[in-house]
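# Notes for the structure review
Chain residues, written in single-letter form:
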Amino acid sequence: MSATYVYGLVRSDAELPDDLVGLGPSGTVTTVVHDKVAAIVGDVPLDRPLGTRDDLVAHEAVVDSVAARTTVLPMRFPAVIEEEGVVGELLAPHHDRFVRALDQLEGTVQYTLKGRYEQDVLLREIVEEDSGVRELQERIRGVPEEAAYYDRVKLGELIVKALEERRDVDAKDIVDRIGPFAEAVSTTTPTQPEDVVNAAFLVRRDGAEEFEKAVEELGADTGEWLHLRLLGPLAPYDFVPEE
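Attention here is on the structure that accompanies the text. (Residues numbered from 1 in each chain as written. Predicted model: local features only at pLDDT ≥ 70, side-chain atom pairs only at ≥ 80, totals over all residues. Heavy atoms only, no water.)

### Describing the overall build of the protein chain
Along its length, the protein chain carries seven helices and nine strands. Relative to its 243 residues, the protein chain shows a buried fraction of 43%. Within the protein chain, contacts between residues at least 6 apart in sequence are counted, and of these 73% link residues at least 24 apart. Put simply, the protein chain shows about 13,900 Å² of open surface, and 47% of that area lies on carbon and sulfur atoms. (Helix = DSSP H or I, 4+ residues; strand = E, 2+ residues; numbered from the N terminus. Buried < 20%, exposed > 50% of the residue type's maximum accessible area, 1.4 Å probe, protein only. Contact = heavy atoms within 4.5 Å. Areas by Shrake-Rupley, 256 points an atom, 1.4 Å probe, with all protein chains shown as cover.)

Set out below in structure tokens:
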């Protein structure tokens, strides 16, 4: 028996882009159809285990290229199944569930927006606006590092606290401003104080241009203190129905 790599699921009548290149040795990407659903499949590398960054990039490139053209239900990376099981174990038993999920995601793509503070600008503003930070900074100015150790630790804590408080407000403002251009929003709490927002937006394909324009206008308004990065259109990774 041979193994098959599954990238995602589409409707049985969906057409794949002609230039898809998979992660297997042949690079061929095709579909296996069952009733109203089709699996996007390719071959699997035989000389090594899956899981490298290049494998993930190849997986996402295939799924996102398909998503730019038609509705796709992405599979979790890496998804390998015996060739004979694509229909018998994947498509047939879960056919109705997959159809419902594709119906829910019909005509949509995902955009992911990431934002990070311009640190120098933000720190300058915090010092100007927070008297406690400003006074402590003045107190340790010119004092040897060892002598001002505890004050420096306290200063760092005050700055992180101020960053987190501002981040909560700014992140909400960003999502509130862009959210109306999306069908749904999924946010992730940033792990670093200077990271402001990490949010996924489910956007109708016919509204993508309007969404991108809204993000561009946001960037123009916040460019002095915020660096935005927009990824998309992508497959709706964060919006797969949990059924």
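The discussion continues.
### A look at the environment of G85
Position of G85 among the secondary structure elements: in helix α2 (residues 85-91). The class for G85 is buried, based on a relative accessible area of 2%. Sequence separation of G85 and A3 is 82 residues, and the distance between their C-alpha atoms is 9.2 Å.

### Looking at the pairing of strand β2 (residues 29-34)
Direction of pairing for β2 relative to strand β3 (residues 37-42): antiparallel, over a ladder of six bridges. Within β3, the position partnered with H34 by the bridge is V37. Hairpin connection from β2 to β3: two residues lie between these consecutive antiparallel strands, with D35 at a positive phi of about 55°. (Pairing = 2+ DSSP bridges.)

### A word on the nonpolar core
Counting residues in hydrophobic clusters, the biggest one holds 25 residues, and the most contacted among them are L113, I174, I178, F201 and F211. Elements supplying a minimum of two residues to this core: β6 (108-117), α6 (149-178), β8 (195-204), α7 (208-222) and β9 (226-234). When residues no more than four places from it in sequence are discounted, the contact partners of I174 are L113, V196, V197, L218 and L226. Ranked by size, the runner-up nonpolar core spans 19 residues in total, among them L91, V99, A101 and A200. (Core = buried A, V, L, I, M, F, W, Y, C linked by side-chain atoms within 4.5 Å.)

### Here's the deal with helix α1 (residues 53-67)
The terminal C-alpha atoms of α1, which comprises 15 residues, lie 21 Å apart, in line with the 21 Å expected from a rise of 1.5 Å per residue. Listed in full, the buried residues belonging to α1 are D55, A58, H59, V62, V63, D64, V66 and A67. Turning to α1, the residues buried within the fold contact β1 (3-11), β2, β3, β4 (73-74), β6 and β9. (Expected span 1.5 Å × (residues − 1).)

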